[in-house]
Amino acid sequence: MKRMYTGAALLWLLCFNATAQQHIGKKESDQLSRYSTAAKLLVDEDADFKTGKAPAEWDNETAIILAQKSTFGFDKKDPARGKRIGRNSWNTPLTPGVSGSGGNDAETKVVVEERQRHKILLKDKQAVDRFSTLYFRLAAEGDAFAARIVKPDGATQRITLSDAERVDNVSLVPALFKSVTDERISATYQPDYYKIAVLDLAEGDILEYELVNYNTQLYNANAGYKEFEPVYYLCNRELPVVKQVLQVVTADDKYSLCSKSFKGAPVFAQTGDKNVYRWEDNNRAAQSGLHFVNRFIEEPSVKFQVAYARSSNAGFVWLKDAADPQKNLTTDELAEKVKNYWFQSIQSGDYAAGLKDGVQNTAKDIYKYLKQKGITEMQADEYIRKAYYCIRAKTLYNNWSDYAFARVLSALLDLRKIPHEIVATPSNQLSEAETIAFSQELKWLVRCNDKYYANPNKHGNPEDLPAEVNGNLAFRFAYNDAKTVAVTDNLPMSDTLNSSLYATVRVKLQPQENGGAKATVDKAVELKGPVKDAVMDDMLALTPFMESDFRNYDGVGMWDDLDPAARIKAMQDYNLEKKDWKDEKTRMMKELADHFYSVPVSDYTAFRLTQDGRSYRKNSLKYEETLVLDSMLTNTGNDFLVPLPLLTGRDAELKKEEDKRTIQADVKYPQTLDYTIVCFIPIGHLPAGLEEMEKSIHNQAGSFEVDAHIENNDLFVHVRRVFTRNAYSPRQWPQVKELVNAAYNFSQSKILFKTY
């Protein structure tokens, strides 16, 4: 077990090395040039990019995608492709785990090549400004990017990438520049993205760019059958699209594609080359401007999955044939299918995705460690918590599937003879129960003594319920009885007390010679539940949050397996790395603040993580930050206006066409957002009109309250917004709209400070 955290320490020493470098280095620039040349990007012979004119009804659009094409190549054999480079050059050989951290990656990992090409007509200055910065990833061997401008007269200008700069906060990279098969950005996965300014763009230009990303996916040890991660694609994009194509290329006829289209979306078709599947959509309008839309549930989309079977008579458990996903299932049919999958799929699909040594061996090794620590003799609840955190030590780096997690935790409970149930439910952000097509769409949980345990992934705690399963229709059954009848019911919904943000924002105005003012902001935040989960990765990235993880399950320290001399050297190197992280974290958080506030952030002074929220007894995330905002004062003679309400962030502005609604409003999870703004009152002034600012709205959807008062020399503004559910029907929309409009109107208001 001690070797476990030696690996963890080495991992963190390697992770994010050379992060201080902002400008793309010569090595990286040469790699990009070499990979891009090999990828043969922006080939003019591609017939899909010889597009005609856009429909007349798009004449007033700011920009139009004339053509875009995504090509997916599955099971690429080149072992060099997909190897991580840059700040995430560490990989699974150094991954901590209770056991099985070694192994041959080539036998449990394949590479998906994703190629995206876009051709965009820029029709006005807004579009020019939007695309004046391009982004590209350089995080894996083979990653490539190229871009060019086509002027109205047909002249072509290639965009040079040698002056690119690394992006500080990769979570803010626009979706148009990301591959859909990439791993989700997280605190432990921060791939290198670069941005390049495009100086020669003008209205009427056509921007073309193409990227190639190599993304790795895990599959189970049974190499004779594997299911790749499903891909989800919305027909309506950010901009209107004249022509869009999805193309799936497989290695041979042992691969098959299964897909399902929704709400009038086109379907995939096999081309003349039986190993190529093609999906094409034409003249598709841009996404609606509606707020609070669960797009994969409400809008046209397609989802697809590639499966591999070495033998034509492979015993599929979930997918019977390519036509199977097309059928919608009744609740009873799905309940039975889910139960059968649990009891039959141990040798199929991705049952052990992320595991190095199979379910039973992994569980036995963890149990052996827990027994050595005396944990197996503890009360059941405490034993489960310790076992859960042992699992998280692996899922933090190995990306276990939800099914693999449920299998291992169930096995650990069985070894202690603790009765429990298995629970399966869809993700409420991707699919409804009756439209489930692939086994990976199910979220698997364990239920024991009326408590639920979900896959911890990077940061989860025992009994946490992720937002995507809140209140879901679910199916549960005894873990060890195949004859049991699956029970259908709903999972619990998070309450507004345990899905919350509480922030205290202290403000001091600093008048400037030009008549304006800066504001120094000291902010302290505490987050819980799904509200916490939504920001967890951004807050913990570039921090040594895992240093104390071992305490959750009585493990050893990071350095305990090293001899004294090696320990001193490792700790010195580690502390040097943490100094680099501090500067990098500051730049990252400034980008987040720029995105959060509607005025410029001129300086970001400090970020302090005071509680990481990754333990059972201290499960709230707490942090503090200090920053300086510009443009915080408008003079009106001797008086001045201050936009203090903007310190609660940007609120949704509903448009006239949103007065009525025919689809449900999805706010993702119940939530309480509570801000207390404390502003030192400048000498010689008093705030006026505080009574007019106060609000108290309570309805069936939630509440919105504002209280403003003076204590000593401070102005206190307390703002509280509550949504009591995760989604609201069209009938409930007027109540939601009342709260949203009140919050937006408040965020746009200013406080008048009058002289006396």
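Residues numbered from 1 in each chain as written. Predicted model: local features only at pLDDT ≥ 70, side-chain atom pairs only at ≥ 80, totals over all residues. Heavy atoms only, no water.

Quick notes on the overall build of the protein
The secondary structure content of the protein amounts to 12 helices and 34 strands. Of all 756 residues assigned to the protein, the portion counted as buried reaches 56%. Here the analysis covers contacts within the protein between residues at least 6 apart in sequence; of these, 80% occur between residues at least 24 apart. Entry remark: accessible area of the protein is about 32,000 Å², with carbon and sulfur atoms responsible for 48%. (Helix = DSSP H or I, 4+ residues; strand = E, 2+ residues; numbered from the N terminus. Buried < 20%, exposed > 50% of the residue type's maximum accessible area, 1.4 Å probe, protein only. Contact = heavy atoms within 4.5 Å. Areas by Shrake-Rupley, 256 points an atom, 1.4 Å probe, with all protein chains shown as cover.)

Considering the packing of aromatic side chains
Here the distance between the centres and the angle between the planes together describe a pair of aromatic rings. In the structure shown here, the tally under the stated rule is 29 aromatic pairs. Where Y388 meets F405, the ring centres are 5.9 Å apart and the plane angle is 85°; that geometry is what we call edge-to-face. In this pair, Y388 sits in helix α7 (residues 380-398) while F405 sits in helix α8 (residues 402-415), placing the two residues 17 residues apart along the sequence. Residue Y388 is classed as buried on the basis of its relative accessible area, which comes to 1%. Through a chain of ring-to-ring contacts, the aromatic side chains of Y135, F136, F145, F177, Y194 and Y209 assemble into a single cluster. Directly above the aromatic system of Y233 lies the positively charged group of R237, at a separation of 4.2 Å from the ring centroid. (Phe/Tyr/Trp six-rings, centres within 6.5 Å; stacked < 30°, edge-to-face > 60°. Lys NZ or Arg CZ within 6 Å of the ring centre and 35° of its normal.)

Quick look at the pattern of salt bridges
Considering all chains together, one arrives at 50 salt bridges under this definition. Taking the shortest distance from any N to any O, the salt bridge between D44 and R148 comes out at 2.7 Å. You can see D44 sitting in the loop between α2 (26-39) and β1 (63-76) and its partner R148 sitting in strand β4 (residues 144-150), a full 104 residues away along the chain. A salt bridge links D48 to K69; the nearest nitrogen and oxygen atoms lie 2.9 Å apart. Here the residue D48 occupies a position in the loop between α2 and β1, and K69 occupies one in strand β1, the gap between them amounting to 21 residues. Of the two residues, D48 and K69, neither departs from the other in class, the shared state being buried. Look at the salt bridges and you will find they share partners, linking D46, D48, K69, K243, R278 and E280 into a network. (Salt bridge = Lys/Arg side-chain N within 4 Å of Asp/Glu carboxyl O.)

Some details on α7
End to end, α7 covers 27 Å across 19 residues, agreeing with the expected 27 Å (1.5 Å per residue, within 8%). With 17 of its 19 residues buried, α7 lies for the most part within the structure. (Expected span 1.5 Å × (residues − 1).)

Some details on the nonpolar core
Counting residues in hydrophobic clusters, the biggest one holds 76 residues, and the most contacted among them are L629, L644, L647, L715 and V717. If sequence neighbours within four positions are ignored, L715 has contacts with L644, I677, V678, C679, I681, P687, L690, H709, I710, I751 and F753. (Core = buried A, V, L, I, M, F, W, Y, C linked by side-chain atoms within 4.5 Å.)

Here's the deal with the sheet that holds strand β22 (residues 517-528)
Reading across from one edge, β23-β24-β22-β21-β28-β32-β31-β30 is the order of the 8 strands in this open sheet, with mixed pairing throughout. Of all strands in the sheet, those with a lone pairing partner are β23 (601-612) and β30 (695-699), marking the two edges. Between one strand axis and the next, the sheet turns by 15° as a mean value, whatever way the strands run. Pairing between β22 and strand β24 (residues 621-629): 9 bridges, direction antiparallel. Following the sheet pairing, K523 is matched in β24 by E625. Sheet strands in contact with helix α9 (residues 529-540) are β21 (500-511), β22, β23, β24 and β28 (671-680), and its direction is about 120° off that of β22. (Pairing = 2+ DSSP bridges. Axes fitted to C-alpha atoms, helices over the stretch in contact; angles between N-to-C directions.)

Some thoughts on a nonpolar patch on the surface
A cluster of nonpolar side chains, contributed by L686, I710 and Y756, occupies part of the molecular surface with about 340 Å² of accessible area. As for its position among the elements, I710 is in strand β31 (residues 702-711). (Patch = residues over 30% accessible without salt bridge, like charges linked within 9 Å, V, L, I, M, F, W, Y side chains within 5 Å.)

Some words on the pairing of β31
Of the pairings in the sheet, the one linking β30 to β31 comprises 5 bridges and is antiparallel in character. Its bridge partner being in β31, S696 is matched across the sheet by E705. The pairing of β31 with strand β32 (residues 714-723) spans 10 bridges and is antiparallel. What sits directly across from A708, in β32, is V717. As consecutive antiparallel partners, β31 and β32 are separated by 2 residues, and within that stretch N712 has a phi angle of approximately 55°, a positive value.

With respect to helix α5 (residues 331-344)
Here α5 is 14 residues long and its end C-alpha atoms lie 20 Å apart, about the 20 Å a rise of 1.5 Å per residue gives. Buried residues of α5: L334, A335, K337, V338, K339, Y341 and W342, and no others. Against the buried residues of α5 lie α8, β16 (421-426), β17 (442-448), β19 (473-478) and β20 (487-490).

Notes on a negative patch on the surface
Together, E691, E692, E694 and D707 make up a region of like negative charge exposed at the surface. When you line up the elements, E692 lands in helix α11 (residues 690-693). (Lys, Arg positive; Asp, Glu negative; His and termini not counted. Charge placed at Lys NZ, Arg CZ, Asp CG, Glu CD.)

A short note on the sheet that holds strand β29 (residues 685-688)
Strands sit in the order β25-β26-β34-β29 across an open sheet of 4 strands; the sheet is antiparallel. For this open sheet the edge positions go to β25 (634-636) and β29, each flanked by a neighbour on one side alone. Sheet twist, expressed as the average angle between the axes of neighbouring strands with direction ignored, equals 30°. For β29 and strand β34 (residues 751-755), the ladder comprises 4 bridges, and the chain directions are antiparallel. If you follow H685 over to β34, its bridge partner there is T755.

As for the environment of R295
Tracing the sequence through the fold places R295 in helix α4 (residues 295-298). Linking R295 and L430, residues 135 residues apart in sequence, is a C-alpha distance of 8.4 Å. Other than its neighbours up to four places away in sequence, R295 contacts L234, Q287, S288 and L290.

Looking at the confidence of the model for the protein
The share of residues in the protein with pLDDT of 70 or more is 89%, and the mean pLDDT across the chain is 88. Throughout residues 1-20 the model reports pLDDT below 50, and contacts reaching past four residues in sequence, or to other chains, amount to 70 contacts. (pLDDT = per-residue confidence, 0-100.)

Describing the packing of helix α6 (residues 359-372) against α7
Each pair of packed helices can be summarised by the angle the axes make with each other and by the distance between the axes. Contact geometry of α6 with α7 gives a least axis separation of 11 Å together with a crossing angle of 125°. Between α6 and α7, the crossing angle belongs to the class labelled oblique. Like other packed secondary-structure pairs, α6 and α7 cross with a definite hand, here right-handed. On the side of α6, the interface is formed by T362, I366, Y367, Y369 and L370, while α7 contributes Y383, K386, A387, C390, I391 and K394. Residue composition of the contact of α6 with α7, by class: 8 nonpolar, 1 polar and 2 charged. (Parallel < 35°, antiparallel > 145°, perpendicular 65-115°, else oblique. Left-handed = near helix turned anticlockwise from the far one by under 90°. Nonpolar A, V, L, I, M, F, W, Y, C, P; charged D, E, K, R; others polar.)

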